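Listed below are the residues making up each chain.
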Amino acid sequence: MDSITALNIVRDSLRTNLSDPYVLAGGTSRTWVYGSEPLSSTRYPMLQIKKISNPTEVISIGYNYTEYEQLFLNCWFSTKNGFKLTVGGVEYVNEGLVEYYLGQIKQTLKAQASVLHSSGAEGYRHIKTSGIEYDPATQLYFGAVVVRVFYFNT
């Protein structure tokens, strides 16, 4: 396995199992979770997964050694100022919506850990969530969940 494949496993799991806030608010179905593919244009809210680092540790000897690889990813959730979503009678907007989705990302990936494992990502852990920021130039609220996926290469 390589880092692109591992990132795509996480991306596909979120595409399949995390509800699109745009659809929940009454919009049409769309692709809203992105990995390393280029973005030409998108509607917000959106989720983009970016590689942070990919450390490797050799865990056997010889020329055909086994490597323990870790892939650290930022799962960035972004929403436009004023986008509102009501879930279970609670209205989420701006910072609240970002905070809600950061929790949903962690919960979804944790629940899918066995599926990630069977896809080749031997393990999953969420490390931390970032603070929530606002960019007045783009009118975007955003935050990230840092996750670690690990796997072995022989």
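This report concerns the structure included in the present document. This structure is a prediction, so every number in the text was calculated from the model and none was measured.

## Digging into the overall build of the protein chain
Moving on, step 1. For the protein chain, the helix and strand inventory stands at four helices and nine strands.
Moving on, step 2. What you see in the protein chain, going N to C, is helices and strands ordered as α-α-β-β-β-β-β-β-α-α-β-β-β.
Moving on, step 3. Dimensions of the protein chain along its principal axes, counting C-alpha atoms only, are 60 × 30 × 25 Å.
Moving on, step 4. Burial status across the protein chain gives 40% buried among its 154 residues.
Moving on, step 5. Partitioning the intrachain contacts of the protein chain with sequence separation of at least 6 by distance along the chain shows that 59% fall at a separation of at least 24.
Moving on, step 6. Counting only carbon and sulfur atoms, one obtains 49% of the accessible surface of the protein chain, whose full area is about 8200 Å².
Moving on, step 7. With 13 positive and 13 negative side-chain charges, the protein chain shows a spacing of 4 Å between the two charge centroids.

## What to know about the packing of helix α1 (residues 3-17) against helix α3 (residues 95-111)
Moving on, step 1. Remark: α1 packs on α3, axes separated minimally by 10 Å, with the N-to-C direction vectors making an angle of 105°. Taken together, the axes of α1 and α3 are roughly perpendicular relative to one another. On the side of α1, the interface is formed by Val10, Ser13, Leu14 and Asn17, while α3 contributes Ile105, Thr108 and Leu109.
Moving on, step 2. Along the lines of polarity and charge, the residues of the contact of α1 with α3 split into four nonpolar, three polar and no charged.

What counts and how
Residues numbered from 1 in each chain as written. Predicted model: local features only at pLDDT ≥ 70, side-chain atom pairs only at ≥ 80, totals over all residues. Heavy atoms only, no water. Helix = DSSP H or I, 4+ residues; strand = E, 2+ residues; numbered from the N terminus. Buried < 20%, exposed > 50% of the residue type's maximum accessible area, 1.4 Å probe, protein only. Contact = heavy atoms within 4.5 Å. Areas by Shrake-Rupley, 256 points an atom, 1.4 Å probe, with all protein chains shown as cover. Lys, Arg positive; Asp, Glu negative; His and termini not counted. Charge placed at Lys NZ, Arg CZ, Asp CG, Glu CD. Axes fitted to C-alpha atoms, helices over the stretch in contact; angles between N-to-C directions. Parallel < 35°, antiparallel > 145°, perpendicular 65-115°, else oblique. Nonpolar A, V, L, I, M, F, W, Y, C, P; charged D, E, K, R; others polar.

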